[in-house]
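Below are the chains, spelled out letter by letter.
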Amino acid sequence: MEFTTTGQIIECRAAVSWAIGEPFKMETIQVAIPKAGEVRVKIVASGVCHSDLFFLRGGAGPQVFPCILGHEGAGIVESVGPGVTSVAPGDHVIPLYTPQCYECDNCKSPYTNICTKDAMLQMAGFLSDGTSRFTCNGQVVKHNMGCSTFAEYTVVNETNVSKIDPTAPLDKVCLIGCAIATGYGAALNTAKVRPGSTVAIWGLGGVGLAAAMGAKKAGAARIIGVDINPAKAEIGKMFGITEFVNPKDHEEPIEKVLVKMTNGGVDHALECCGIASCMKAAFAACKGGGGVLTLIGLAPLSEDVPFNAYQFIAGKSVNGTYFGGWKSRDQVPKLVEDYLSKELMVDELITHTLPIESINDAVDLMKKGDCVRSIVKF
Ligand SMILES: NC(=O)c1ccc[n+]([C@@H]2O[C@H](COP(=O)([O-])OP(=O)(O)OC[C@H]3O[C@@H](n4cnc5c(N)ncnc54)[C@H](O)[C@@H]3O)[C@@H](O)[C@H]2O)c1
Ligand SMILES: [Zn+2]
Ligand SMILES: [Zn+2]
């Protein structure tokens, strides 16, 4: 299949982030032809994730700007650069912020999904050759997380894209590009939630609800949702939450409430807020002798979270997850299959679908807690 745009620079719409704290600005950008090992994708839809807010608030510093955010998208391959073999024009794909190159030590290891091949370049906002494919008003605009799905067309490394079943609705399965895979995998792959265990999940956003779905799948007996937004109690039930606790309803610190509720502490705590105080509380709520905290939320990169060392001696431990531990190119297509066979809930997370021009409204909805997940469409 060949599109009329093949071999041409494409001019299209994008929501550009110019600096920390500034709203998205709709711009006309130029998207260059994909180079060797690269794939140009027409984005159909993209979820708005709290990690986008993390970047906008300066969580990773000022050097990521100007950039095109968005890493929870889905689309159709428009053209490919020389040497690309795993996808072809017309294929339906999900861009991946956790690449899989199959060549680095980590990709060859069964114990991690953190591909190291272009990690530093991706952090810096560039593709494999150290440059960007985006310009706007004559200025270079950086990539973000190897995806940049808030552009109508984006260019990604072949290692950052997975081909999926073309019958899957792109404006739904885009969420498998982040929230669903992250939370679900955090419970199954990273926490390895034990059957019959008691689980507490801090933050019932897209990621936390997907974590509840994973804990349920793993056979947890109790899944306690912890959220300051009372509206999350009802939606939580749909994803497997068996009890809901709002820290604002209690005088006592929330960890004490949890320890009492569970007669000594939880087997698994999953932090899906990205707030240092929640991470501390979640660790304190873990049972001595086997309680495990799994960190999913992103605190600002410069922030340390102090944990009391004796807690580790007493048998608690902490681990963390990036993209739910999935080997991305291998496993994202399977997660899409699980969605198509109704094993994985996705649609239920989507409360708002907006045109890309309204992306700042999607951010406001997330800040106010008035949505679960918003999708922006081109
Ligand atoms: N590790 C990864 O690979 C990865 C992937 C995706 C997202 N994330 C991170 O996961 C976190 C969650 O993302 P999301 O998109 O689901 O966010 P979201 O904004 O949709 O949800 C966050 C939830 O936390 C709740 N919350 C806020 N403060 C709280 C508090 N003090 N106590 C309890 N609950 C509180 C909010 O009410 C909301 O329901 C973010 O930090 C995001 O950056 C990490
Ligand atoms: Zn995300
Ligand atoms: Zn790799």
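Residues numbered from 1 in each chain as written. Chains lettered and ligands numbered in written order. Predicted model: local features only at pLDDT ≥ 70, side-chain atom pairs only at ≥ 80, totals over all residues. Heavy atoms only, no water.

If you look the protein up in an unreviewed UniProt entry, it shows as Alcohol dehydrogenase 6 from Daphnia magna. You can read under Function (unreviewed entry) in the UniProt record for the protein the words "Alcohol dehydrogenase. Catalyzes the NAD-dependent oxidation of primary alcohols to the corresponding aldehydes. Oxidizes secondary alcohols to the corresponding ketones." One UniProt comment on the protein, placed under Cofactor (unreviewed entry), says "Zn(2+)". (UniProt positions renumbered as here; feature names shortened; annotations may be inferred.)

*Asks:* Just to check I follow, could you spell out the coordination of the zinc ion (ligand 3) for this structure?
*Replies:* Octahedral metal centres with six donors ideally show angles of 90 or 180 degrees, and tetrahedral centres with four donors ideally show 109.5 degrees. Every protein donor of the zinc ion (ligand 3) is accounted for by Cys101 (SG), Cys104 (SG), Cys107 (SG) and Cys115 (SG), and the metal-donor separations fall at 2.3 to 2.4 Å. Taken together, the four donor atoms surrounding the zinc ion (ligand 3) define angles of 105 to 116° at the centre, an arrangement classified as tetrahedral. Read in sequence order, the donor residues coordinating the zinc ion (ligand 3) give the pattern C-x2-C-x2-C-x7-C. Residue Cys115 is classed as buried on the basis of its relative accessible area, which comes to 6%. (Donors = N, O, S within 2.8 Å, 3.2 Å for Na, K, Ca; no water. Tetrahedral: all angles 85-135°; square planar, octahedral: opposite > 155°, others 65-115°. Buried < 20%, exposed > 50% of the residue type's maximum accessible area, 1.4 Å probe, protein only.)

*Asks:* Teacher, can you tell me more about the coordination of the zinc ion (ligand 2) here?
*Replies:* All of the protein donors around the zinc ion (ligand 2) are Cys49 (SG), His71 (NE2) and Cys178 (SG); their distances to the metal are 2.0 to 2.3 Å. For the zinc ion (ligand 2), the donor residues sit on a single chain with the sequence spacing C-x21-H-x106-C. Of this pair, Cys49 sits in the loop between β3 (38–47) and α1 (50–56) while Cys178 sits in the loop between α4 (170–173) and α5 (179–190), placing them 129 residues apart in sequence. Each member of the pair, Cys49 together with Cys178, is buried. (Helix = DSSP H or I, 4+ residues; strand = E, 2+ residues; numbered from the N terminus.)

*Asks:* Any chance you could explain the side chain of Glu38 here in plain terms?
*Replies:* By the secondary structure assignment, Glu38 is in strand β3. Discounting chain neighbours no more than four positions away, the residues touching Glu38 are Val80, Gly81, Val84, Leu127, Arg133, Val155, Val156, Asn157 and Glu158. (Contact = heavy atoms within 4.5 Å.)

*Asks:* Explanation requested: the site of ligand 1 in the structure shown.
*Replies:* Neighbouring ligand 1 are 29 residues, the closest being His50, Ser51, Asp227, Lys232 and Arg373. In this structure, an oxygen atom belonging to ligand 1 sits 3.1 Å away from a main-chain N or O atom of Gly206. Class assignment for the residues of the shell around ligand 1 results in 16 nonpolar, 10 polar and three charged. Lining the shell around ligand 1 are residues from two domains, each supplying at least three of them: domain 1 (10–178 + 325–377) and domain 2 (192–320). (Near = heavy atom within 4 Å. Polar contact = N/O pair within 3.5 Å; in protein donor to acceptor, adjacent residues only side chain to side chain. Nonpolar A, V, L, I, M, F, W, Y, C, P; charged D, E, K, R; others polar. Domains from an automatic or database assignment.)

*Asks:* Can you help me understand the domain arrangement of the protein in this one?
*Replies:* Interface size is commonly expressed as the accessible surface area that is lost when the partners come together. What the domain assignment reports for the protein is domain 1 (10–178 + 325–377) and domain 2 (192–320). Taken together, the contacts link 13 residues of domain 1 with 13 residues of domain 2. Summing both sides of the interface, domain 1 and domain 2 together bury roughly 1,200 Å²; the carbon and sulfur share of this comes to 72%. On the surface where domain 1 and domain 2 come into contact, there are one salt bridge. A salt bridge links Lys217 to Glu343; its shortest N-O distance comes to 3.0 Å. Counting the contacts that link domain 1 with domain 2 gives three residue pairs in polar contact (both at pLDDT 80 or more). In terms of residue class, the side of domain 1 that touches domain 2 is made up of seven nonpolar, three polar and three charged. (Buried area = accessible area lost by both parts, 1.4 Å probe. Salt bridge = Lys/Arg side-chain N within 4 Å of Asp/Glu carboxyl O.)

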